[in-house]
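An overview of the molecular structure
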Amino acid sequence: MTARLEVASDRLKVWLGSELFTAYKFPPDQPLPYFFPVCTVGGIAVTEEFPELYPHHRSVWLSHGNVNGVDFWLDKPTSGRIRHMGLLWQRCDEGGVNFAVQSEWQLPDGQVLLRDERIFRCWQEGNCRFIDATITLHPKPSEVTLGKTNHAFFAVRLRKELAVVNGGQLRNSEGEVKEVGTMGKRARWCAALGQLEGATVGIALFDHPRNPWHPSPWFTRDYGFFSPSPFNWDKWRLTMTQPLQVRYGVVVFLGEPDLEGLWRQWVVRNEGKEGEGRCG
């Protein structure tokens, strides 16, 4: 399958064959970069960009509500901004699309608290599409604390049709379901699925064994939000010699795949893969 990355001034579009899989968006009027749309094989979008409830949510994104006491989550005048600083490299081949970008976490006065590098890999296997994300956060002062907050960290906001409150399913790797069963529970993955456009579709988020708090406790909501985030219960300190690297997998699927098997395959297949290059 031919894969390509289409570069524009405010987004990077990932094409798998003739279909748009996703776009990594960073419009200057938005507070942070994010993926939208995120589409199944056949082009069914499974996430929301500007949901009516909590409109600061952005489909698939990374943010934090308490960085040295500063909010980067709620998109208020006093909030910080996560600014896309550029595309570092890209590589496209029959296996998919790989690219790296850089961001700065800026205070309203322009001071930088964090700089991050994000490596994304996007590919398709059968009726499943994947985004592999490796993100490294470096403090720009000598020390930065990601404080306790329910507004964190790497997150998914579902289309409303897939939310539990609208008849969708939410489950985790331990067999627990809905917010009442998954909120605060440690798990390797969490997934949502339901009916859209006459098909069973869904999205899962994988937590990598090398993440420092794996298996993470999850913050989940029946209205259509989930994140493997320890920050509702704990904090994390970054220093110049101890940056934070985290890795997550996003899987978008048609039907009902073996998610535990996919999680294990994802861990084995992507362990330690790095690289750089350029689309031909």
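Coordinates for the structure precede this section.
Overview of the structure. Note that the structure is predicted; figures quoted are calculated from it, not measured.

1. Some points on unusual backbone geometry
The peptide bond linking A152 to F153 adopts the cis configuration, its omega dihedral lying at 20°. Here F153 is to be found in strand β11 (residues 152-157). Between H214 and the following residue, P215, the backbone shows a cis peptide bond with an omega angle of -10°. Inspection of the secondary structure puts P215 in the loop between β14 (199-207) and β15 (219-221). Look at Y54: it is not a glycine, yet its phi comes out positive at around 60°.

2. So, the side chain of H57
Along the chain, H57 falls in the loop between β4 (34-38) and β5 (60-64). Residue classification places H57 among the buried positions, given a relative accessible area of 4%. With near-sequence residues (within four places) excluded, H57 lies in contact with E49, P51, W73, R157, Y223 and F225.

3. Digging into the sheet that holds strand β6 (residues 81-93)
In a beta sheet, neighbouring strands pair by backbone hydrogen bonds and run either parallel or antiparallel. Strands sit in the order β6-β7-β8-β9-β18-β14-β13-β12 across an open sheet of eight strands; the sheet is antiparallel. Strand pairing shows two members of the sheet lacking a second neighbour, β6 and β12 (169-172), which therefore form its edges. For this sheet the average axis-to-axis angle between neighbouring strands, irrespective of direction, equals 15°. In terms of strand pairing, strand β7 (residues 96-106) meets strand β8 (residues 112-125) through 10 bridges, oriented antiparallel. Residue pairing in the sheet places S103 in a bridge with D116 of β8.

4. Some words on the nonpolar core
If you look at the biggest cluster of nonpolar residues, it comprises 67 residues, and the most contacted ones within it are F99, F153, F154, I203 and F226. F154 has contacts with V60, W61, L62, A133, I135, L205, F226, S227, P228, Y248 and V250, leaving out every residue within four places of it along the chain. Counting 15 residues, the second largest nonpolar core, distinct from the first, contains W123, F130, W189 and W263.

What counts and how
Residues numbered from 1 in each chain as written. Predicted model: local features only at pLDDT ≥ 70, side-chain atom pairs only at ≥ 80, totals over all residues. Heavy atoms only, no water. Helix = DSSP H or I, 4+ residues; strand = E, 2+ residues; numbered from the N terminus. Buried < 20%, exposed > 50% of the residue type's maximum accessible area, 1.4 Å probe, protein only. Contact = heavy atoms within 4.5 Å. Pairing = 2+ DSSP bridges. Axes fitted to C-alpha atoms, helices over the stretch in contact; angles between N-to-C directions. Core = buried A, V, L, I, M, F, W, Y, C linked by side-chain atoms within 4.5 Å.

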